[in-house]
Amino acid sequence: MSFENYSKLNHSFVPVSELSCRMKRFKAHMDEIHPDWELSAIFGRINLYYLTGTIQDGMLLIPRDEDPVLWVRRSYERAMFESAFPDIRSMSSFKDAAKVQRKIPDTIFLETELVPVALLERFKKYFPCNIVKSLDTQISYVRSVKSPYELNLMEKAGKIHEHVLETLVPQFLVEGMSEIDLSSQLYSALLDEGHHGVVRFGRFQTEMLIGQLGFGESSLYPTSFDGPGGNYGMSPAVPILGSRSRKLKTGDLVFVDVGCGVDGYHTDKTMTYMFGKSLPDSAIHIHQQCVDIQNDIVSMLRPGIAPSFIYDTIMDNLDPEFLSGFMGYKERQVKFLGHGIGLLIDELPVIAKGFDAPLQEGMVMALEPKKGIEGVGMVGIENTFIVTPDGGRCITGTNPGLIPVYP
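These numbers were taken from a predicted model, which means no experiment stands behind them.

Student: Looking at this model, I keep getting lost on the packing of helix α2 (residues 16–33) against helix α3 (residues 45–52). Mind explaining?
Tutor: Two measures define how a pair of helices packs: the angle their axes make with one another and the distance between the axes. Across the interface, α2 lies against α3 with an axial gap of 7 Å and an inter-helix angle of 115 degrees. Here L19, R22, M23 and R25 of α2 lie close against α3, whose contacting residues are Y49, Y50, L51 and T52. Of the residues assigned to the contact of α2 with α3, the class counts are five nonpolar, one polar and two charged.

Quick look at the structure:
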(Lines give C-alpha, C1' and ligand atoms only; values in the text may rest on other atoms or scores of the structure.)
Protein backbone atom coordinates (compact mmCIF):
# COMPACT_ATOMS: atom_id res chain seq x y z
CA MET A 1 0.00 0.00 0.00
CA SER A 2 1.33 3.43 -0.89
CA PHE A 3 1.49 6.19 1.70
CA GLU A 4 -1.06 8.05 -0.37
CA ASN A 5 -3.53 5.21 0.13
CA TYR A 6 -2.52 4.81 3.77
CA SER A 7 -3.44 8.42 4.43
CA LYS A 8 -7.00 7.66 3.33
CA LEU A 9 -7.48 5.21 6.22
CA ASN A 10 -8.44 8.08 8.53
CA HIS A 11 -5.70 7.34 11.03
CA SER A 12 -5.04 9.94 13.71
CA PHE A 13 -1.60 11.57 13.91
CA VAL A 14 -0.33 13.45 16.96
CA PRO A 15 -0.01 17.19 16.19
CA VAL A 16 3.46 18.75 16.30
CA SER A 17 2.25 21.27 18.88
CA GLU A 18 1.27 18.39 21.18
CA LEU A 19 4.68 16.71 20.76
CA SER A 20 6.49 19.98 21.43
CA CYS A 21 4.56 20.59 24.63
CA ARG A 22 5.26 17.06 25.88
CA MET A 23 8.98 17.37 25.25
CA LYS A 24 9.13 20.73 27.03
CA ARG A 25 7.32 19.28 30.04
CA PHE A 26 9.62 16.28 30.17
CA LYS A 27 12.76 18.41 30.03
CA ALA A 28 11.39 20.80 32.66
CA HIS A 29 10.56 17.94 34.98
CA MET A 30 14.02 16.42 34.54
CA ASP A 31 15.53 19.84 35.30
CA GLU A 32 13.50 19.97 38.50
CA ILE A 33 14.25 16.45 39.73
CA HIS A 34 17.77 15.96 38.31
CA PRO A 35 19.21 19.45 37.70
CA ASP A 36 22.55 18.00 36.58
CA TRP A 37 21.18 15.62 33.94
CA GLU A 38 22.80 15.75 30.49
CA LEU A 39 21.35 12.98 28.32
CA SER A 40 18.26 10.74 28.35
CA ALA A 41 17.61 7.76 26.09
CA ILE A 42 14.08 6.47 25.49
CA PHE A 43 13.57 2.92 24.20
CA GLY A 44 10.08 1.92 25.38
CA ARG A 45 7.54 2.03 22.60
CA ILE A 46 4.81 3.66 24.68
CA ASN A 47 7.14 6.47 25.71
CA LEU A 48 8.41 6.73 22.15
CA TYR A 49 4.85 7.16 20.95
CA TYR A 50 4.11 9.72 23.65
CA LEU A 51 7.11 11.89 22.71
CA THR A 52 7.29 11.32 18.94
CA GLY A 53 3.87 10.13 17.74
CA THR A 54 5.14 6.87 16.24
CA ILE A 55 5.96 3.36 17.50
CA GLN A 56 9.11 2.06 15.85
CA ASP A 57 12.21 0.02 16.62
CA GLY A 58 14.67 2.68 17.67
CA MET A 59 15.57 5.15 20.39
CA LEU A 60 14.98 8.77 21.21
CA LEU A 61 18.04 10.67 22.43
CA ILE A 62 17.21 13.76 24.48
CA PRO A 63 20.20 15.97 25.34
CA ARG A 64 19.52 18.58 27.96
CA ASP A 65 20.89 21.51 25.96
CA GLU A 66 20.32 20.36 22.39
CA ASP A 67 17.41 19.25 20.25
CA PRO A 68 16.33 15.62 20.60
CA VAL A 69 16.75 13.09 17.79
CA LEU A 70 14.60 10.04 17.03
CA TRP A 71 16.85 7.31 15.68
CA VAL A 72 14.91 4.58 13.86
CA ARG A 73 16.09 1.14 12.89
CA ARG A 74 12.74 0.00 11.48
CA SER A 75 10.67 1.48 9.96
CA TYR A 76 12.27 4.82 9.17
CA GLU A 77 9.95 5.21 6.20
CA ARG A 78 6.84 4.76 8.33
CA ALA A 79 8.17 7.05 11.06
CA MET A 80 8.73 9.81 8.52
CA PHE A 81 5.20 9.46 7.24
CA GLU A 82 3.24 9.34 10.48
CA SER A 83 5.33 11.41 12.91
CA ALA A 84 5.52 15.20 13.12
CA PHE A 85 8.67 14.94 15.24
CA PRO A 86 11.16 17.48 13.86
CA ASP A 87 14.33 15.34 13.69
CA ILE A 88 14.06 11.69 12.62
CA ARG A 89 17.12 9.82 11.38
CA SER A 90 17.79 6.31 10.17
CA MET A 91 20.26 4.01 11.90
CA SER A 92 21.54 0.50 11.39
CA SER A 93 22.90 0.27 14.92
CA PHE A 94 23.65 2.47 17.91
CA LYS A 95 27.01 3.13 16.27
CA ASP A 96 25.32 5.46 13.77
CA ALA A 97 23.83 7.56 16.54
CA ALA A 98 27.02 7.63 18.58
CA LYS A 99 28.99 9.03 15.63
CA VAL A 100 27.03 12.26 15.65
CA GLN A 101 26.42 12.57 19.38
CA ARG A 102 28.50 15.59 20.43
CA LYS A 103 29.01 14.44 24.00
CA ILE A 104 28.48 11.15 25.79
CA PRO A 105 28.19 11.97 29.49
CA ASP A 106 29.28 9.75 32.35
CA THR A 107 25.64 9.36 33.46
CA ILE A 108 22.74 8.57 31.13
CA PHE A 109 19.09 8.35 32.16
CA LEU A 110 16.90 5.66 30.64
CA GLU A 111 13.91 3.37 31.35
CA THR A 112 15.45 0.89 33.77
CA GLU A 113 12.05 -0.78 34.28
CA LEU A 114 11.90 -1.64 30.57
CA VAL A 115 15.38 -2.00 29.11
CA PRO A 116 16.76 -5.55 29.30
CA VAL A 117 20.38 -6.13 30.21
CA ALA A 118 21.33 -7.33 26.71
CA LEU A 119 19.97 -4.17 25.10
CA LEU A 120 21.72 -2.02 27.68
CA GLU A 121 25.03 -3.72 26.94
CA ARG A 122 24.63 -3.13 23.20
CA PHE A 123 23.82 0.50 23.88
CA LYS A 124 26.78 0.99 26.23
CA LYS A 125 29.16 -0.43 23.62
CA TYR A 126 28.75 2.85 21.70
CA PHE A 127 27.54 5.06 24.57
CA PRO A 128 30.10 4.03 27.21
CA CYS A 129 28.61 5.71 30.26
CA ASN A 130 29.62 4.57 33.74
CA ILE A 131 26.32 5.29 35.46
CA VAL A 132 22.77 4.50 34.37
CA LYS A 133 19.93 6.17 36.22
CA SER A 134 16.18 5.71 35.97
CA LEU A 135 13.80 8.13 34.30
CA ASP A 136 10.79 5.81 34.62
CA THR A 137 9.08 7.81 37.35
CA GLN A 138 9.84 11.11 35.65
CA ILE A 139 8.28 10.19 32.29
CA SER A 140 5.35 8.50 34.05
CA TYR A 141 4.73 11.65 36.06
CA VAL A 142 4.76 13.81 32.92
CA ARG A 143 2.34 11.42 31.19
CA SER A 144 -0.02 11.44 34.19
CA VAL A 145 -1.40 14.91 33.38
CA LYS A 146 -3.44 14.71 30.20
CA SER A 147 -3.79 17.45 27.61
CA PRO A 148 -7.13 18.36 25.98
CA TYR A 149 -5.99 16.30 22.97
CA GLU A 150 -5.52 13.22 25.16
CA LEU A 151 -8.70 13.77 27.16
CA ASN A 152 -10.69 13.94 23.95
CA LEU A 153 -9.46 10.49 22.92
CA MET A 154 -10.17 9.07 26.38
CA GLU A 155 -13.69 10.46 26.33
CA LYS A 156 -14.26 8.70 23.00
CA ALA A 157 -13.04 5.45 24.57
CA GLY A 158 -15.31 6.03 27.55
CA LYS A 159 -18.39 6.40 25.35
CA ILE A 160 -17.59 3.09 23.65
CA HIS A 161 -17.11 1.51 27.05
CA GLU A 162 -20.44 2.81 28.33
CA HIS A 163 -22.41 1.67 25.29
CA VAL A 164 -20.90 -1.81 25.04
CA LEU A 165 -20.95 -2.75 28.73
CA GLU A 166 -24.20 -1.08 29.76
CA THR A 167 -26.30 -1.68 26.64
CA LEU A 168 -24.84 -4.46 24.47
CA VAL A 169 -23.48 -7.02 26.94
CA PRO A 170 -26.92 -7.74 28.48
CA GLN A 171 -28.06 -8.71 24.99
CA PHE A 172 -25.19 -11.20 24.64
CA LEU A 173 -25.96 -13.21 27.76
CA VAL A 174 -27.74 -16.51 27.08
CA GLU A 175 -27.90 -19.62 29.22
CA GLY A 176 -25.30 -22.23 28.34
CA MET A 177 -22.80 -19.86 26.74
CA SER A 178 -19.19 -20.18 27.89
CA GLU A 179 -16.96 -17.44 29.21
CA ILE A 180 -15.05 -17.66 25.94
CA ASP A 181 -18.28 -17.15 24.00
CA LEU A 182 -18.86 -13.92 25.93
CA SER A 183 -15.23 -12.84 25.50
CA SER A 184 -15.47 -13.32 21.74
CA GLN A 185 -18.70 -11.36 21.39
CA LEU A 186 -17.48 -8.63 23.72
CA TYR A 187 -14.19 -8.19 21.85
CA SER A 188 -15.96 -8.09 18.50
CA ALA A 189 -18.44 -5.49 19.77
CA LEU A 190 -15.67 -3.29 21.17
CA LEU A 191 -13.84 -3.41 17.84
CA ASP A 192 -17.02 -2.62 15.92
CA GLU A 193 -17.58 0.43 18.11
CA GLY A 194 -14.04 1.78 17.62
CA HIS A 195 -11.78 0.10 20.22
CA HIS A 196 -8.15 0.07 19.07
CA GLY A 197 -7.85 -3.66 19.73
CA VAL A 198 -5.27 -4.04 22.50
CA VAL A 199 -5.10 -3.34 26.23
CA ARG A 200 -1.64 -2.22 27.34
CA PHE A 201 -0.05 -2.47 30.78
CA GLY A 202 3.25 -1.22 32.14
CA ARG A 203 3.66 -3.87 34.82
CA PHE A 204 6.41 -6.34 33.89
CA GLN A 205 5.13 -9.26 31.78
CA THR A 206 1.47 -8.42 32.25
CA GLU A 207 -0.33 -10.11 29.37
CA MET A 208 -3.99 -9.48 28.63
CA LEU A 209 -6.18 -9.23 25.56
CA ILE A 210 -9.13 -7.19 26.80
CA GLY A 211 -9.41 -7.81 30.54
CA GLN A 212 -11.00 -10.25 32.97
CA LEU A 213 -14.47 -11.73 32.95
CA GLY A 214 -16.07 -14.59 34.79
CA PHE A 215 -19.31 -16.26 35.73
CA GLY A 216 -19.96 -16.62 39.45
CA GLU A 217 -17.09 -18.06 41.43
CA SER A 218 -14.63 -17.95 38.53
CA SER A 219 -14.29 -14.19 39.15
CA LEU A 220 -12.65 -15.14 42.47
CA TYR A 221 -10.07 -17.52 41.02
CA PRO A 222 -6.47 -16.52 41.89
CA THR A 223 -4.29 -14.95 39.21
CA SER A 224 -0.87 -13.31 39.07
CA PHE A 225 -2.51 -10.12 37.82
CA ASP A 226 -2.32 -7.30 40.37
CA GLY A 227 -6.04 -6.60 40.69
CA PRO A 228 -8.95 -7.57 42.93
CA GLY A 229 -10.76 -9.81 40.41
CA GLY A 230 -9.79 -13.11 38.86
CA ASN A 231 -10.76 -15.70 36.28
CA TYR A 232 -10.02 -19.30 35.31
CA GLY A 233 -8.50 -18.46 31.96
CA MET A 234 -8.14 -20.80 29.02
CA SER A 235 -5.41 -22.99 30.57
CA PRO A 236 -2.38 -22.74 32.89
CA ALA A 237 -0.39 -21.70 29.81
CA VAL A 238 -2.91 -19.00 28.83
CA PRO A 239 -4.56 -17.76 32.04
CA ILE A 240 -6.57 -15.01 30.33
CA LEU A 241 -9.93 -14.40 28.61
CA GLY A 242 -12.02 -17.10 30.33
CA SER A 243 -12.94 -20.76 30.46
CA ARG A 244 -14.33 -22.76 27.57
CA SER A 245 -16.09 -25.12 29.96
CA ARG A 246 -17.62 -22.70 32.53
CA LYS A 247 -21.13 -22.17 31.20
CA LEU A 248 -23.61 -19.45 32.18
CA LYS A 249 -26.54 -20.60 34.29
CA THR A 250 -29.50 -19.01 35.99
CA GLY A 251 -28.52 -17.20 39.17
CA ASP A 252 -24.96 -16.45 38.08
CA LEU A 253 -23.24 -13.17 38.75
CA VAL A 254 -21.47 -12.07 35.55
CA PHE A 255 -18.31 -10.03 36.16
CA VAL A 256 -16.79 -8.05 33.26
CA ASP A 257 -13.66 -5.93 33.85
CA VAL A 258 -12.19 -4.74 30.55
CA GLY A 259 -10.23 -1.91 29.03
CA CYS A 260 -11.14 0.06 25.93
CA GLY A 261 -8.97 2.41 23.91
CA VAL A 262 -8.99 4.89 21.06
CA ASP A 263 -5.75 5.86 19.27
CA GLY A 264 -3.66 4.51 22.14
CA TYR A 265 -5.60 6.01 25.05
CA HIS A 266 -7.54 3.76 27.43
CA THR A 267 -10.42 3.82 29.83
CA ASP A 268 -11.14 1.08 32.37
CA LYS A 269 -14.57 -0.14 33.42
CA THR A 270 -16.14 -2.99 35.36
CA MET A 271 -19.80 -3.91 35.04
CA THR A 272 -21.70 -6.71 36.75
CA TYR A 273 -24.93 -8.48 35.78
CA MET A 274 -27.44 -10.77 37.51
CA PHE A 275 -28.44 -13.51 35.10
CA GLY A 276 -31.89 -15.06 35.36
CA LYS A 277 -32.63 -14.08 38.94
CA SER A 278 -31.51 -11.67 41.61
CA LEU A 279 -28.51 -12.24 43.84
CA PRO A 280 -29.05 -12.61 47.59
CA ASP A 281 -29.94 -9.34 49.33
CA SER A 282 -26.70 -9.47 51.31
CA ALA A 283 -24.64 -9.54 48.10
CA ILE A 284 -26.64 -6.66 46.61
CA HIS A 285 -26.06 -4.64 49.79
CA ILE A 286 -22.31 -5.25 49.63
CA HIS A 287 -22.27 -4.22 45.98
CA GLN A 288 -24.05 -0.99 46.82
CA GLN A 289 -21.47 -0.29 49.51
CA CYS A 290 -18.75 -0.57 46.83
CA VAL A 291 -20.66 1.89 44.62
CA ASP A 292 -20.93 4.26 47.60
CA ILE A 293 -17.16 3.98 48.15
CA GLN A 294 -16.57 4.86 44.50
CA ASN A 295 -18.77 7.94 44.88
CA ASP A 296 -16.98 8.98 48.08
CA ILE A 297 -13.63 8.79 46.27
CA VAL A 298 -15.05 10.75 43.33
CA SER A 299 -15.83 13.70 45.61
CA MET A 300 -12.14 13.83 46.58
CA LEU A 301 -10.68 13.67 43.06
CA ARG A 302 -9.74 17.34 43.14
CA PRO A 303 -6.44 19.14 42.49
CA GLY A 304 -4.33 19.45 45.63
CA ILE A 305 -5.57 16.29 47.37
CA ALA A 306 -3.02 13.51 47.78
CA PRO A 307 -3.99 9.99 46.65
CA SER A 308 -2.60 8.62 49.94
CA PHE A 309 -5.00 10.89 51.86
CA ILE A 310 -7.92 9.55 49.83
CA TYR A 311 -6.84 5.96 50.47
CA ASP A 312 -6.43 6.46 54.21
CA THR A 313 -9.71 8.38 54.51
CA ILE A 314 -11.69 5.62 52.82
CA MET A 315 -9.99 2.66 54.47
CA ASP A 316 -10.10 4.16 57.98
CA ASN A 317 -13.87 4.58 57.72
CA LEU A 318 -14.72 1.06 56.59
CA ASP A 319 -16.20 -1.45 59.00
CA PRO A 320 -13.59 -4.10 59.90
CA GLU A 321 -16.02 -6.85 58.90
CA PHE A 322 -16.42 -5.31 55.45
CA LEU A 323 -12.66 -5.42 54.88
CA SER A 324 -12.70 -9.21 54.60
CA GLY A 325 -12.71 -9.87 50.87
CA PHE A 326 -12.53 -6.16 50.01
CA MET A 327 -10.22 -5.45 47.06
CA GLY A 328 -9.51 -9.14 46.61
CA TYR A 329 -10.81 -12.50 47.77
CA LYS A 330 -9.33 -14.02 50.95
CA GLU A 331 -5.60 -13.30 51.19
CA ARG A 332 -5.35 -11.92 47.65
CA GLN A 333 -6.23 -8.35 48.54
CA VAL A 334 -4.53 -5.53 46.66
CA LYS A 335 -3.38 -2.37 48.43
CA PHE A 336 -4.98 0.28 46.24
CA LEU A 337 -8.42 1.66 45.41
CA GLY A 338 -7.70 3.12 41.98
CA HIS A 339 -4.99 3.96 39.50
CA GLY A 340 -4.00 6.45 36.85
CA ILE A 341 -4.74 5.52 33.26
CA GLY A 342 -3.84 6.72 29.78
CA LEU A 343 -1.55 5.12 27.20
CA LEU A 344 -1.34 2.28 29.74
CA ILE A 345 -4.07 0.87 31.95
CA ASP A 346 -1.78 1.05 34.98
CA GLU A 347 -0.32 4.55 35.21
CA LEU A 348 0.53 7.03 37.94
CA PRO A 349 -0.75 8.11 40.34
CA VAL A 350 -2.18 5.28 42.45
CA ILE A 351 -4.75 5.71 45.21
CA ALA A 352 -2.67 3.96 47.82
CA LYS A 353 -0.27 4.62 50.66
CA GLY A 354 2.94 6.34 49.66
CA PHE A 355 1.50 8.39 46.81
CA ASP A 356 1.71 11.75 48.51
CA ALA A 357 2.11 14.10 45.52
CA PRO A 358 -1.15 16.05 45.14
CA LEU A 359 -3.53 15.33 42.30
CA GLN A 360 -3.51 17.76 39.38
CA GLU A 361 -6.30 18.86 37.12
CA GLY A 362 -6.28 16.74 33.98
CA MET A 363 -5.14 13.54 35.65
CA VAL A 364 -7.38 10.57 34.88
CA MET A 365 -8.15 7.89 37.45
CA ALA A 366 -9.83 4.49 37.28
CA LEU A 367 -11.59 3.73 40.58
CA GLU A 368 -12.37 0.09 41.34
CA PRO A 369 -13.78 -0.72 44.80
CA LYS A 370 -14.72 -4.43 44.72
CA LYS A 371 -15.37 -7.23 47.15
CA GLY A 372 -15.25 -10.99 46.75
CA ILE A 373 -18.15 -12.98 48.17
CA GLU A 374 -17.90 -16.73 48.65
CA GLY A 375 -20.38 -18.61 46.50
CA VAL A 376 -21.29 -15.47 44.55
CA GLY A 377 -18.23 -13.88 42.96
CA MET A 378 -16.69 -10.43 42.71
CA VAL A 379 -19.16 -7.58 43.14
CA GLY A 380 -18.34 -3.90 42.89
CA ILE A 381 -17.69 -1.40 40.17
CA GLU A 382 -15.04 0.44 38.17
CA ASN A 383 -15.23 3.63 36.16
CA THR A 384 -12.81 6.19 34.78
CA PHE A 385 -12.81 9.80 36.01
CA ILE A 386 -11.08 13.05 35.07
CA VAL A 387 -9.74 15.07 38.02
CA THR A 388 -11.45 18.49 38.11
CA PRO A 389 -11.86 21.29 40.71
CA ASP A 390 -15.39 19.95 41.32
CA GLY A 391 -14.32 16.35 41.85
CA GLY A 392 -14.07 13.44 39.46
CA ARG A 393 -15.99 13.63 36.19
CA CYS A 394 -17.00 10.19 34.95
CA ILE A 395 -16.37 9.41 31.28
CA THR A 396 -17.46 5.73 31.24
CA GLY A 397 -21.11 5.86 32.29
CA THR A 398 -23.17 6.04 35.46
CA ASN A 399 -24.92 2.67 35.67
CA PRO A 400 -24.34 1.31 39.19
CA GLY A 401 -24.02 -2.28 38.01
CA LEU A 402 -25.71 -5.56 38.92
CA ILE A 403 -27.79 -5.10 35.78
CA PRO A 404 -30.63 -7.65 35.85
CA VAL A 405 -30.78 -9.84 32.74
CA TYR A 406 -33.87 -12.01 32.33
CA PRO A 407 -33.73 -14.04 29.12
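Further notes follow.
Student: Sorry if this is basic, but what is going on with the packing of aromatic side chains here?
Tutor: Aromatic ring pairs are described here by two measures, namely the spacing of the ring centres and the angle between the planes. According to the stated counting rule, one finds nine aromatic pairs in the structure shown. Pairing F94 with F123 gives two aromatic rings, centres 5.7 Å apart and planes at 90 degrees, and the pair type is edge-to-face. Taken together, the positions of F94 in helix α5 (residues 94–100) and F123 in helix α6 (residues 117–126) put the pair 29 residues apart, joining distant regions of the chain. With a relative accessible area of 4%, F94 lands in the buried category. In this structure F123 comes out as buried when scored by relative accessible area, which is 1%. With a centroid separation of 5.0 Å and 65 degrees between ring planes, the pair formed by Y221 and Y232 is classed as edge-to-face. Of the two residues, Y221 is situated in the loop between β7 (211–215) and β8 (253–262) and Y232 in the loop between β7 and β8; the sequence distance between them amounts to 11 residues. Linked through ring pairs, F43, F94, F123 and F127 together constitute an aromatic cluster. Its guanidinium or amino end placed over the ring of F94, R73 lies 5.4 Å from that ring's centre, counting from NZ or CZ. Above the face of the F322 ring, K371 is positioned so that its terminal group lies 5.0 Å from the ring centre.

Student: Explanation requested: the pairing of strand β5 (residues 107–110) in the structure shown.
Tutor: In regular strands, side chains alternate between the two faces of the sheet. Where burial is concerned, the two faces of β5 agree: the one with T107 and F109 and the one with I108 and L110 are both buried. Two strands pair when backbone bridges link them, and strand β1 (residues 39–42) and β5 are joined in this way by two bridges, in the parallel orientation. Opposite S40, over in β5, you have F109 as the bridge partner. For β5 and strand β6 (residues 131–134), the ladder comprises four bridges, and the chain directions are parallel. Bridged to I108 within β6 is V132. Handedness of the crossover joining β5 and β6 through α6 is recorded here as right-handed.

Student: Got a minute to help me understand the sheet that holds β5 in this structure?
Tutor: Adjacent strands of a sheet form backbone hydrogen bonds with each other and so pair up, either parallel or antiparallel. Strand order across the open sheet formed by six strands is β4-β3-β2-β1-β5-β6, with mixed pairing between neighbours. The open sheet is flanked by β4 (88–90) and β6, the only strands paired with a single partner. Within the sheet, the average angular offset between the axes of one strand and its neighbour, ignoring direction, is 25 degrees. Bridging between β1 and strand β2 (residues 57–63) involves four bridges; their strand directions are antiparallel. Bridge pairing in β2 places L39 opposite P63. Contacting β1, β2 and β3 (69–74), α3 crosses the sheet at an angle of about 60 degrees to β2. Helix-sheet contacts for α6 involve β1, β2, β5 and β6, and the interaxial angle to β5 is about 140 degrees.

Student: I would appreciate a short explanation of unusual backbone geometry in the present structure.
Tutor: Across residues other than glycine, the phi torsion is negative in most instances, and most of the peptide bonds are trans. With an omega of 5 degrees, the peptide bond running from R74 to S75 counts as cis. Turning to its location among the elements, S75 is positioned in the loop between β3 and α4 (76–82). Here the residue pair L348 and P349 is connected by a cis peptide bond, since its omega of -5 degrees sits within 30 degrees of zero. Here P349 is to be found in strand β11 (residues 347–351). For L241, which is not a glycine, the phi torsion comes out positive at approximately 70 degrees. With respect to the helices and strands, L241 occurs in the loop between β7 and β8. Although it is not a glycine, K330 sits at a positive phi angle of roughly 55 degrees. Here K330 shows up in the loop between α11 (307–316) and β10 (338–340).

Student: Would you explain the environment of P86 in this entry?
Tutor: Among the structural elements, P86 can be located in the loop between α4 and β4. Sequence separation between P86 and V69 is 17 residues; the distance between their C-alpha atoms is 8.1 Å.

Conventions we followed
Residues numbered from 1 in each chain as written. Predicted model: local features only at pLDDT ≥ 70, side-chain atom pairs only at ≥ 80, totals over all residues. Heavy atoms only, no water. Axes fitted to C-alpha atoms, helices over the stretch in contact; angles between N-to-C directions. Helix = DSSP H or I, 4+ residues; strand = E, 2+ residues; numbered from the N terminus. Contact = heavy atoms within 4.5 Å. Nonpolar A, V, L, I, M, F, W, Y, C, P; charged D, E, K, R; others polar. Phe/Tyr/Trp six-rings, centres within 6.5 Å; stacked < 30°, edge-to-face > 60°. Buried < 20%, exposed > 50% of the residue type's maximum accessible area, 1.4 Å probe, protein only. Lys NZ or Arg CZ within 6 Å of the ring centre and 35° of its normal. Pairing = 2+ DSSP bridges. Right-handed = clockwise from strand over helix to strand, strands pointing away.

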